[in-house]
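Given next are the chains, with one letter for each unit.
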Amino acid sequence: MARYFEGNLVAPNGRFAICVSRFNAFITEALLQGALDTLKRHGVEDDDIDVYRVPGTFELPGLVRKVVETRRHVGVVTLGCVIRGGTPHFDYVSGEVSKGIGQIAHTAECAVTFGVLTCDNVEQAIDRAGVKAGNKGAEAAVACIEMVNLHQQLGAASAVVLKPVKKKA
Ligand code: INI
């Protein structure tokens, strides 16, 4: 009989980090709101979420690596928005960020998900930040919850990052 392993969408024990870039803030702030709303609707407490901001998406992989190295979180959601312009800059930034976050995600002991938009134009970005094509920040957040729960079934290290005990007032 086959055994199936799949993470559920119930808030796991532990803290989440959201790493978000400010460049194209009108889009990334909508992705952030989508991610925050999704984490909370699935039962993650506000106090268990740390939000880290960087200037641009190029800076995200370096930050995400540092955040992962703190081992304080069971899941890290990464959010950014790169929009194609008239020069090859887009290709360099989007290539570096997807490669950089991909490498970290593949080796991190906690779950790392990818909510970075790489769009040909502003309209595509708006559509993916809560209009026609959903909210990619929300999708990255729900994927993060699922992966943390799957990790915990596998006995991965993220299973042992427990919530810090809250001090009584
Ligand atoms: N950063 C983005 O997050 N999105 C972009 O579309 C973008 N473009 O097109 O220039 C962008 N550039 C800034 C880059 O991420 C760095 O912050 C900058 O190069 C400083 O290192």
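Everything in this summary refers to the structure shown in the same document.

Thresholds, definitions, all that
- Residues numbered from 1 in each chain as written.
- Predicted model: local features only at pLDDT ≥ 70, side-chain atom pairs only at ≥ 80, totals over all residues.
- Heavy atoms only, no water.
- Near = heavy atom within 4 Å.
- Polar contact = N/O pair within 3.5 Å; in protein donor to acceptor, adjacent residues only side chain to side chain.
- Helix = DSSP H or I, 4+ residues; strand = E, 2+ residues; numbered from the N terminus.
- Nonpolar A, V, L, I, M, F, W, Y, C, P; charged D, E, K, R; others polar.
- Pairing = 2+ DSSP bridges.
- Axes fitted to C-alpha atoms, helices over the stretch in contact; angles between N-to-C directions.
- Contact = heavy atoms within 4.5 Å.
- Patch = residues over 30% accessible without salt bridge, like charges linked within 9 Å, V, L, I, M, F, W, Y side chains within 5 Å.
- Areas by Shrake-Rupley, 256 points an atom, 1.4 Å probe, with all protein chains shown as cover.
- Salt bridge = Lys/Arg side-chain N within 4 Å of Asp/Glu carboxyl O.
- Expected span 1.5 Å × (residues − 1).
- Buried < 20%, exposed > 50% of the residue type's maximum accessible area, 1.4 Å probe, protein only.

### Regarding the site of the ligand
- Close contacts around the ligand come from Phe-23, Asn-24, Gly-56, Thr-57, Phe-58, Glu-59, Cys-81, Val-82, Ile-83 and His-89, and that covers them all.
- Between a nitrogen atom of the ligand and a main-chain N or O atom of Cys-81, the distance comes to 2.8 Å.
- Here the shell around the ligand gets three residues from one element, more than from any other, and that element is strand β3 (residues 73–83).
- For the shell around the ligand, the residue count by class is five nonpolar, four polar and one charged.

### Remarks on the sheet that holds strand β1 (residues 15–21)
- Ordered in space as β2-β1-β3-β4, the four strands form an open sheet in which the pairing is parallel. The outermost strands of the open sheet, each flanked by one partner alone, are β2 (49–54) and β4 (111–119). In this sheet, adjacent strand axes meet at a mean angle of 15° when their direction is disregarded.
- Relative to β4, helix α3 (residues 89–107) is tilted by about 170°, and along the sheet it contacts β3 and β4.

### What to know about a nonpolar patch on the surface
- A contiguous nonpolar patch, built from Phe-26, Val-122, Ile-126 and Val-131 and spanning about 350 Å² of accessible area, is present on the exposed surface.
- For Ile-126, the location among the structural elements is in helix α4 (residues 122–127).

### Remarks on helix α5 (residues 136–154)
- End to end, α5 covers 27 Å across 19 residues, agreeing with the expected 27 Å (1.5 Å per residue, within 8%).
- Looking only at α5, the buried set comprises Gly-137, Ala-138, Ala-140, Ala-141, Cys-144, Ile-145, Val-148, Asn-149, Leu-150 and His-151.
- On its buried face, α5 is in contact with β1, α1 (25–41), β3, β4 and β6 (134–135).
- The N-terminus of α5 is capped by Asn-135, whose side-chain oxygen sits 2.8 Å from the backbone nitrogen of Gly-137.
- A positive phi of about 75° marks Gly-155, the residue just after α5.

### A few points about the pattern of salt bridges
- Across all of its chains, the model carries 11 salt bridges by this definition.
- Between Lys-136 and Glu-139 there is a salt bridge, and its shortest N-O distance comes to 3.2 Å. With Lys-136 and Glu-139 both in helix α5 and three residues apart, the pair spans about one turn of that helix.
- Judged by relative accessible area, which is 25%, Lys-136 ranks as partly exposed.
- On the basis of relative accessible area, Glu-139 is assigned to the partly exposed category, the value being 41%.
- Within this structure, Arg-15, Asp-48 and Asp-50 form a network of salt bridges that share partners.

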